[in-house]
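A look at the structure
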Amino acid sequence: MKQSIRVIIPAYNEEKIIGKTIEEIKRAMDTERFQYKIDVLEDGSDDRNLEIEQEKDVIVNKNNRNWGLAETFKNEMTEMYTSNPNISVDTDAV
């Protein structure tokens, strides 16, 4: 049985790197044929961050405004517990 993995990325104004980060994660996970989901926690960015995330076919949870890393991390933990993956990985967008 394959392990379910949840990769969680908090992101704020990361339009220059978020697309590449998501693609690199997908490439690494697909190489090993893991069962995974990528969840981006969009922290109220005012650049093209959200648009790029949506183009990459990932789960996007959006704050209506910038809450900061600590509050976004708390929301991330709540999301992780409700999705109940076997493994949860937190990474930065850069």
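The structure reproduced in this document is the subject of the present report.

Some thoughts on the sheet that holds strand S1 (residues 4-11)
Pairing is parallel across the open sheet formed by four strands, whose spatial order is S3-S2-S1-S4. Every interior strand has two partners, whereas the edge strands, strand S3 (59-63) and strand S4 (87-90), have only one. Sheet twist, expressed as the average angle between the axes of neighbouring strands with direction ignored, equals 20 degrees. The sheet contact formed by strand S2 (residues 35-43) and S3 spans five bridges and is parallel. Looking across to S3, one finds that Val-40 is bridged to Val-60.

Quick notes on the side chain of Glu-53
Tracing the sequence through the fold places Glu-53 in helix H2 (residues 49-55). Buried within the structure, Glu-53 lacks any salt-bridge partner; its nearest side chain of opposite charge belongs to Lys-62, at an N-O separation of 8.6 Å. When residues no more than four places from it in sequence are discounted, the contact partners of Glu-53 are Ala-11, Ile-18, Ile-22, Val-40, Glu-42, Val-58 and Val-60.

Re helix H1 (residues 18-31)
Taking 1.5 Å of rise per residue, 14 residues should cover 20 Å, and H1 covers 20 Å from first to last C-alpha, within 8% of that figure. The inward-facing, buried residues of H1 abut S1, S2 and H2. Looking one or two residues past H1, Arg-33 carries a phi angle of roughly 60 degrees, positive in sign.

Concerning the pattern of salt bridges
If you walk through the whole model with that rule in mind, you get five salt bridges. Of the charged contacts in the structure, one is a salt bridge between Glu-71 and Lys-74, with a shortest N-O distance of 3.4 Å. Of this pair, Glu-71 and Lys-74 are both found in helix H3 (residues 69-83), three residues apart, which corresponds to roughly one turn of the helix.

Remarks on the nonpolar core
In terms of nonpolar packing, the biggest core is built from 13 residues, with Val-7, Ile-9, Ile-18, Ile-22, Ile-25, Ile-38 and Val-40 touching the most fellow members. Taken together, the elements giving at least two residues each to this core come down to S1, H1 and S2. Every residue in contact with Ile-18, bar those within four places of it in the chain, is listed here: Ile-9, Ala-11, Asn-49, Ile-52, Glu-53 and Ala-93.

Rules of the game
- Residues numbered from 1 in each chain as written.
- Predicted model: local features only at pLDDT ≥ 70, side-chain atom pairs only at ≥ 80, totals over all residues.
- Heavy atoms only, no water.
- Pairing = 2+ DSSP bridges.
- Helix = DSSP H or I, 4+ residues; strand = E, 2+ residues; numbered from the N terminus.
- Axes fitted to C-alpha atoms, helices over the stretch in contact; angles between N-to-C directions.
- Buried < 20%, exposed > 50% of the residue type's maximum accessible area, 1.4 Å probe, protein only.
- Lys, Arg positive; Asp, Glu negative; His and termini not counted.
- Salt bridge = Lys/Arg side-chain N within 4 Å of Asp/Glu carboxyl O.
- Contact = heavy atoms within 4.5 Å.
- Expected span 1.5 Å × (residues − 1).
- Core = buried A, V, L, I, M, F, W, Y, C linked by side-chain atoms within 4.5 Å.

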